[in-house]
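A look at the structure
What follows is each chain in one-letter form.
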Amino acid sequence: MSDKIKIGISIGDVNGIGLEVIIKTLVDKRILDYCTPIVYGQTKVASFHRKTMGIEEFSFNVINQAADALHRRANMINCWEEDVKIDLGEANETGGKYAFLSLERATNDLIAGEIDALVTAPINKQNIQSEAFTFAGHTEYIQAKAGASDSLMLLMGEDLRVGVVTGHVPLSEVPKSITKEKILSKLALINQSLKSDFWIEKPKIAVLGLNPHAGDSGLLGKEEESIIAPAIAEANKNELLAFGPYPADGFFANQSWKKFDAVLAMYHDQGLIPFKQLAFHQGVNFTAGLPVVRTSPDHGTAYDLAGKNEADAGSFREAVFTAIHIVKNRRENAILTAKPLKVSKLSRDRD
């Protein structure tokens, strides 16, 4: 069982729905057939949420380090000792403090190879800010910890994948953040991920425009003609199958996305609004382009649902299975790359 995939899980904001969707996912013991879950949090906090949900027949196996995890149990590493005052549904400093302690320990284990993948429950991007966390979100933090120069936020549903050129930046800063170089970098990341993480041999990627009607031949904006189209042309010269730029509204309305393996949007809401309309409750956020595997559900802390036992765990569950799938694909790819098929001696003799 030494090759059993270890999935680390950070608990997110203790006042949100993170632990609810985690427990709802792990209470089904069938998931233990596919992975060994290791939750980074605290048993007292987990017990509080479990009791709030009215779940009696469930407990974590407490361990000190990932190497001690039992394969047929849901495991937990206590990341702090003190008692925590939980205020369900409130955004406060406590939620941010313990979300970071969980994330920090889990990410350190991920980078060190103690776990095979990390699934992150939702944080509040404001209350987690501190001297130790000065990032716009999970994606940027894990990218920095992994020492990667770039990464891609890739939202995935059953048959829809959407990446974004600019992630967690204010809308007012989006136009100046769109450059030919950045588009080419994101296209390269999404193309490589589709090949190595999802085994799509020749990915077809649609690229959206920035402006209404993709600029309408320059009438509504010049970025399509001066930046986006040239980036697509250069990508094609490098044997990357990119198409566009397409007007975002019509592209999703007429279901053109079904003709492609992935879509590259220019900014966060341009890609995520239609994605969540089409794939909410089953969508997964994957940070592509990193040497480590990280996924998350496609929803936030949902303070309005906290403590009501009404949160849908579908997206979190899919995030766990997506992480398992990507780890398996990367392992198989590494084996094939390290040990290419060799011509047999008999075949050489015949030649």
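Data block above holds the structure.
The present account deals with the structure reproduced in this document. Computed from a prediction, not measured in an experiment: that's the story for all the values here.

Here the focus is the overall build of the protein chain. Looking only at helices and strands, the protein chain has 11 helices and 12 strands in total. The globule rule puts the C-alpha radius of gyration for 351 residues at 20 Å, and the 22 Å found for the protein chain is close to it. The principal-axis extents of the C-alpha atoms in the protein chain amount to approximately 65 × 60 × 35 Å. When each of the 351 residues of the protein chain is scored for burial, the buried share is 52%. Here the protein chain has roughly 16,700 Å² of accessible surface; of this, 49% comes from carbon and sulfur atoms. Distance between charge centroids for the protein chain: 6 Å, based on 39 positive and 44 negative side chains.

With that out of the way, let us pick up the side chain of glutamine 270. Note on placement: glutamine 270 falls in helix α9 (residues 268–279). The class of glutamine 270 is buried, set by a relative accessible area of 9%. At a separation of 2.7 Å, a polar atom in the side chain of glutamine 270 contacts the main-chain amide nitrogen of methionine 266. In this structure, glutamine 270 is in contact with Leu208, Gly209, Leu210, Ala248, Phe252 and Ala265, ignoring residues within four places of it in sequence.

What follows covers helix α1 (residues 18–26). Among the nine residues that make up α1, eight are buried, leaving the element largely enclosed by the rest of the structure. Buried within α1 we find Gly18, Leu19, Glu20, Val21, Ile22, Ile23, Thr25 and Leu26.

The element strand β1 (residues 6–10) is extensively covered by neighbouring structure, given that five of its five residues are classed as buried. Of the strand pairs in this sheet, β1 and strand β2 (residues 36–41) are connected by five bridges, and their pairing is parallel. Counted as the bridge partner of glycine 8 is isoleucine 38 from β2. Note on the crossover from β1 through α1 to β2: the handedness is right-handed. Of the strand pairs in this sheet, β1 and strand β5 (residues 117–120) are connected by four bridges, and their pairing is parallel. Bridge assignment links glycine 8 to a residue of β5, and that residue is leucine 118.

Counting 93 residues, the largest nonpolar core has Ile7, Ile22, Leu26, Ile183 and Leu187 as the members making the most contacts within it. It is helix α10 (residues 314–338) that provides the largest number of residues to this core, a total of seven residues. If we skip the residues at most four places from it in the chain, leucine 187 touches Ile205, Val207, Ala235, Leu240, Ala242 and Leu264. Listed in part, the 17 residues of the second largest apolar core include Val164, Leu208, Trp257 and Val263.

Another point: empty space enclosed by the protein. By the definition in use, this model includes one cavity of 30 Å³ or more. Its volume calculated, the largest cavity comes out at about 40 Å³. Taken together, Gly16, Glu20, His49, Thr52, Met53, Leu88, Ala306 and Gly307 make up the lining of the largest cavity. Ranked by residues supplied to the lining of the largest cavity, first place goes to helix α2 (residues 43–53) with three residues. Of the residues contributing to the lining of the largest cavity, the split by class is three nonpolar, four polar and one charged.

Cut-off values and rules
- Residues numbered from 1 in each chain as written.
- Predicted model: local features only at pLDDT ≥ 70, side-chain atom pairs only at ≥ 80, totals over all residues.
- Heavy atoms only, no water.
- Helix = DSSP H or I, 4+ residues; strand = E, 2+ residues; numbered from the N terminus.
- Rg over C-alpha atoms; globule rule 2.2 N^0.38 Å.
- Buried < 20%, exposed > 50% of the residue type's maximum accessible area, 1.4 Å probe, protein only.
- Areas by Shrake-Rupley, 256 points an atom, 1.4 Å probe, with all protein chains shown as cover.
- Lys, Arg positive; Asp, Glu negative; His and termini not counted.
- Charge placed at Lys NZ, Arg CZ, Asp CG, Glu CD.
- Polar contact = N/O pair within 3.5 Å; in protein donor to acceptor, adjacent residues only side chain to side chain.
- Contact = heavy atoms within 4.5 Å.
- Pairing = 2+ DSSP bridges.
- Right-handed = clockwise from strand over helix to strand, strands pointing away.
- Core = buried A, V, L, I, M, F, W, Y, C linked by side-chain atoms within 4.5 Å.
- 1 Å grid on protein atoms, 1.4 Å probe; cavity = no way out; pocket = protein on both sides within 12 Å on 5 of 7 lines; lining within 4 Å.
- Points joined across faces, edges and corners; volume = space filled by probe spheres on them.
- Nonpolar A, V, L, I, M, F, W, Y, C, P; charged D, E, K, R; others polar.

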